[in-house]
Amino acid sequence: MVLLTRVILVLTTALLVAGVVYPLGVFFSVSTGIGAALRTECHDPRFWRALHNTLLLAFGGAAVGTAFSFSASWALWRFDAPAPARRLSELCLKLPYLVPPFFLALGWTILAQPRVYGLGGTALVLTLWLSALGTIQSQGFFRRFPSHWEDAAMLGGAPPWRGFLSITLPLALPQLLATFTSLAAAGLASFAIPALIALPAREPVLTTRIYQAVKSSSGSSEGFTRAAALALVLLSLSIGVTVGAALCQRALQRRLGGALIGGKGATATKLHLSRGKHLLFWGLALLVAALTALPLAAMVWRSFLKDPADMMSFTLARYIYVFTSLPDVLKALMNSAGSASAAALTAVLCAVFAALASARGAKSARLTEVLGAAGTAIPGTVLALSLIVAYAGSPLPGLAVIALAYFAHYYSHAQRTLTPAVQSIGRDLTEAAAMAGASPLRALTSITLPLLKAALSAAFVLSLVPMASEITMSVLLAGGDTEVLGTLMYRLLEYADPGSACVLASCLLGATLAANAVLRRISRGEFGI
């Protein structure tokens, strides 16, 4: 068992090095002329426009998303809202994170075109998607945050909002900074939303300029050098945000006296609201549903329309055409299923053994955590560009490179899900099995893995769903024989066939929601949305 764990840890480290460290090293070592290309970009007004838009969207969206998600999570945590309104609010707040951002952007282009195109529409859709990520993190915070500090303030005569501003908000500064950092990093790396909403209005961001530089290079070194210079700027911004926030968060934690969060059993005393004030929660639920669920419903509706101008021209002809006559659909479906499933299964296998090693205090597991976090923190556009350069001309098949990119970028999803689950299993069970004569492998298969069934299912689903419809890396890595569903949908939109793109997106949306429902049933509501 110890030998098997060590072998899989070595395999995990090797895969992460092959997918993160080695490509980045090769990319920046062979990309000569980056300095000259960067100086050229600095004299191009389009570069400064893209940089301005990137910073504005990332930091503005992160600030609004953090404030909105934290405030909404606090209200749902503190007050006794009607159960249907609470469930609808939580579902719609987190729904954009469950589905790819591409779907949300596509739905808004159908629902509000042409007014949605431009920076304003991009900021709205990106903020909605970032708010979903912020909601998940904020609710995790409040599940461990005891309410007795606010209760004490209310006993002293302070209203609930005063306790929130004077007590909860200052104590939550490290959590708010962590949420803002993760949202800003996600905003910097965003490609799908700006590509669908900002680019048609000729409003570039760094990720779309990198994509355009690669696509317009036609294999020339000049285009790749320009893309490398832009990638260096984007990577520097991501690293700067992460490192700067980590330093600020450490300083805040020292100032606030270390850990201020309650234990597993931390609960909130719900404050009762009058019947009239319940309308506020219904208003929140309906507002969030209109901003998140309505665009997705518009996307599904569009997939059934024969004529977009006639909102009642329902037909299945578009579905029949897509799955019987549209070229490359089955090939893209098989490529996505194969590469995403292989990467997700490998990530779950590696993550569970890394979590087991970490629970036993193995220092080697720490390396996989660091490399996995780095793979997620690096913008997907930069990671894909480095993989192109590193494995160009290698015997490695194209789908294997795509699967490696998925594994490197989403491995931490599986590890973050499985590590707490493994640590929650007491060692007394495995020790009792050992005293009864069971081998470590028998204890693993008979005790540990059955107890981890829900967490293993969650880790697989949370890894598979973003991989199956990934666009940011796939548009750069996929070619004619390695096209996947994400690149096919994006190509259909580029060639003015939004109806077929809506068909594929609606099918993926249905599969995602079904997987979420199965996951919630298996885990009895512990995982899923």
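Because the structure is predicted, anything quoted here is derived from the model rather than measured.

## Quick word on the overall build of the protein
- In terms of helices and strands, the protein carries 24 helices and zero strands.
- Relative to the compact-globule value of 24 Å for 529 residues, the protein shows a C-alpha radius of gyration of 24 Å, a close match.
- Seen along its three principal axes, the alpha-carbon backbone of the protein occupies a region of about 65 × 65 × 50 Å.
- Within the span of the protein, comprising 529 residues, buried residues form 51% of the whole.
- Nonlocal contacts in the protein, meaning residues at least 24 apart in sequence, comprise 83% of its contacts between residues at least 6 apart.
- Put simply, the protein shows about 23600 Å² of open surface, and 66% of that area lies on carbon and sulfur atoms.
- Looking at the protein, you have 38 positive and 20 negative side-chain charges, and the mean spots of the two groups are 8 Å apart.

## Quick look at the side chain of Asn 335
- Its place among the elements puts Asn 335 in helix H15 (residues 329-359).
- Those residues in contact with Asn 335, other than ones at most four positions away along the chain, are Leu 399, Asp 481, Thr 482, Glu 483 and Val 484.

## Examining the nonpolar core
- With 135 residues, the main nonpolar core has Phe 102 and Phe 103 as its most contacted residues.
- Ranked by residues supplied to this core, first place goes to H15 with 15 residues.
- Setting aside residues up to four positions removed in sequence, Phe 103 forms contacts with Leu 296, Met 299, Ser 469, Met 489, Ala 505, Leu 508 and Leu 509.
- Residues Phe 142, Phe 164, Leu 171 and Ala 289 belong to the second largest nonpolar core, which totals 22 residues.

## Some words on unusual backbone geometry
- Geometrically, the link from Gln 113 to Pro 114 is a cis peptide bond, its omega value of 0° lying close to zero.
- Among the structural elements, Pro 114 can be located in the loop between helix H5 (101-112) and helix H6 (119-143).
- One non-glycine residue, Asp 328, lies in the positive phi region at around 70°.
- On the secondary structure map, Asp 328 appears in the loop between helix H14 (317-324) and H15.

## Topic: helix H21 (residues 453-468)
- The end-to-end C-alpha distance of H21 is 22 Å, a good match for the 22 Å that 16 residues give at a rise of 1.5 Å each.
- Considered for burial, the residues of H21 that qualify are Ala 454, Ala 455, Ala 458, Ala 459, Val 461, Ser 463, Val 465, Met 467 and Ala 468.
- The elements touched by buried residues of H21 are helix H4 (83-98), H15, helix H18 (398-423), helix H23 (485-494) and helix H24 (498-523).

## Details of the packing of aromatic side chains
- According to the stated counting rule, one finds eleven aromatic pairs in the structure shown.
- Seen in terms of ring centroids, Tyr 211 and Tyr 490 are 5.9 Å apart; in terms of plane orientation they differ by 85°. Their pairing is edge-to-face. In this pair, Tyr 211 sits in helix H11 (residues 206-217) while Tyr 490 sits in helix H23, placing the two residues 279 residues apart along the sequence.
- Overall, Tyr 211 belongs to the buried group, its relative accessible area being 10%.

## Considerations on the pattern of salt bridges
- If you walk through the whole model with that rule in mind, you get ten salt bridges.
- Linking Arg 491 and Asp 328 is a salt bridge whose minimum nitrogen-to-oxygen distance equals 3.5 Å. Taken together, the positions of Arg 491 in helix H23 and Asp 328 in the loop between H14 and H15 put the pair 163 residues apart, joining distant regions of the chain.
- The partner of Arg 366 in a salt bridge is Glu 369, with the nearest N and O atoms 3.0 Å apart. You can see Arg 366 and its partner Glu 369 sitting in helix H16 (residues 364-377), three residues apart, about one turn around the helix.

## A short note on the packing of helix H3 (residues 45-78) against H6
- Closest axis-to-axis distance for the H3/H6 pair is 6 Å, and the angle between their directions is 40°. Classed by the angle they form, the pair H3 and H6 counts as oblique. The interaxial crossing formed by H3 with H6 has right-handed handedness.
- Residues of the contact of H3 with H6, tallied by class, amount to 15 nonpolar, twelve polar and one charged.

## Describing the confidence of the model for the protein
- Mean pLDDT over the protein: 83, with 91% of residues reaching 70 or higher.
- Per-element mean pLDDT across the protein ranges from 68 in helix H19 (residues 427-435) up to 92 in helix H10 (residues 192-198).

## Quick look at the environment of Thr 448
- Along the polypeptide, Thr 448 turns up in helix H20 (residues 440-451).
- The spacing of Thr 448 and Leu 476 is 28 residues in sequence and 40 Å in space, taken between C-alpha atoms.

## Focus: the environment of Met 311
- Position of Met 311 among the secondary structure elements: in the loop between helix H13 (278-303) and H14.
- Judged by relative accessible area, which is 46%, Met 311 ranks as partly exposed.
- Spatially, the C-alpha atom of Met 311 lies 28 Å from that of Ser 89, the residues being 222 residues apart in sequence.
- Those residues in contact with Met 311 that lie beyond four places of it in its chain are Trp 301 and Leu 305.

## Quick look at the packing of helix H8 (residues 160-171) against helix H9 (residues 173-189)
- Two elements in contact, H8 and H9, have axes whose closest approach is 4 Å; the angle formed by their N-to-C orientations is 60°. By the criterion of interaxial angle, the relationship of H8 to H9 is oblique. The residues of H9 that touch H8, namely those facing Leu 169, Pro 170 and Leu 171, are Leu 173, Pro 174 and Leu 176.
- Taken together, the residues of the contact of H8 with H9 sort by class into six nonpolar, no polar and no charged.

## Observations regarding the environment of Trp 48
- Inspection of the secondary structure assignment puts Trp 48 in helix H3.
- Along the sequence, Trp 48 and Pro 204 sit 156 residues apart, while their C-alpha atoms lie 9.7 Å from each other.
- Reaching out from Trp 48, the side chain makes a polar contact with the backbone oxygen of Cys 42 at a distance of 2.6 Å.

## Some points on the state of the cysteines
- The full count for this structure, using the stated rule, is zero disulfides.
- Cys 92 carries a free sulfur, and the closest cysteine sulfur to it, the one in Cys 502, is 20 Å from it.
- Classification of Cys 92 as buried rests on a relative accessible area of 2%.
- Between Cys 502, a cysteine without a disulfide, and Cys 507, which holds the nearest cysteine sulfur, the sulfur-to-sulfur distance is 11 Å.
- Its relative accessible area of 0% is what places Cys 502 among the buried residues.

## Considerations on H24
- Under the 1.5 Å per step criterion, the end-to-end length of H24 is 36 Å for 26 residues, consistent within 8% with the ideal 38 Å.
- Arg 524 lies just past H24 and shows a positive phi near 55°.

Calculation criteria
- Counting restarts for each chain, with residues numbered from 1 along the sequence as it is written.
- Only residues with pLDDT of at least 70 get local features here, since the model is predicted, and only at 80 or more are side-chain atom pairs given and counted; chain-wide, interface and lining totals rely on the full set of residues.
- To obtain the side-chain values, all non-hydrogen atoms of the structure were included, while hydrogens and water were left out.
- Secondary structure elements follow DSSP: runs of H or I of four or more residues count as helices, runs of E of two or more count as strands, with numbering from the N terminus.
- Both definitions apply: the radius of gyration is a C-alpha atom measure, and the globule rule equals 2.2 Å times residues to the power 0.38.
- Each residue's exposure class comes from its accessible area (1.4 Å probe, protein chains only) as a fraction of the maximum for that residue type: buried when under 20%, exposed when over 50%, partly exposed otherwise.
- Note on contacts: a residue pair is in contact if any heavy atoms of the two residues lie within 4.5 Å.
- Each accessible area is a Shrake-Rupley result for a 1.4 Å probe, and residues are judged covered by the shown protein chains and nothing else.
- The charge count treats Lys and Arg as positive and Asp and Glu as negative. His and the chain ends do not count.
- A single reference atom marks each charge: NZ on Lys, CZ on Arg, CG on Asp, CD on Glu.
- Here, nonpolar core refers to any group of buried Ala, Val, Leu, Ile, Met, Phe, Trp, Tyr and Cys residues whose side-chain atoms link them within 4.5 Å.
- Every helix has an expected span of 1.5 Å times one less than the residues it contains.
- Each aromatic pair joins two rings of Phe, Tyr and Trp (for Trp, the six-membered one) with centres within 6.5 Å, and gets the label stacked for planes under 30 degrees apart, edge-to-face for over 60, and tilted for any other angle.
- Every case where a carboxyl oxygen of Asp or Glu lies within 4 Å of a side-chain nitrogen of Lys or Arg is listed as a salt bridge.
- Axis lines are fitted through C-alpha atoms, for helices just across the contact stretch, and the angle between N-to-C directions can take any value from 0 to 180 degrees.
- Oblique is the label for every angle not falling under 35 degrees (roughly parallel), over 145 degrees (roughly antiparallel), or within 65 to 115 degrees (roughly perpendicular).
- Note on convention: the crossing is left-handed when the near helix lies turned anticlockwise from the far helix by less than a right angle, right-handed when the turn is clockwise.
- Ten residues, namely Ala, Val, Leu, Ile, Met, Phe, Trp, Tyr, Cys and Pro, are considered nonpolar, four, namely Asp, Glu, Lys and Arg, are considered charged, and the remaining ones, Gly among them, are considered polar.
- As a per-residue measure, pLDDT reflects the predictor's confidence and takes values from 0 up to 100.
- Here a polar contact is taken to be a pair of N or O atoms separated by no more than 3.5 Å, where protein atoms must pair a possible hydrogen donor with a possible acceptor and residues adjacent in sequence count only if both atoms sit in side chains.
- The disulfide criterion used throughout: a pair of cysteine sulfur atoms within 2.5 Å.

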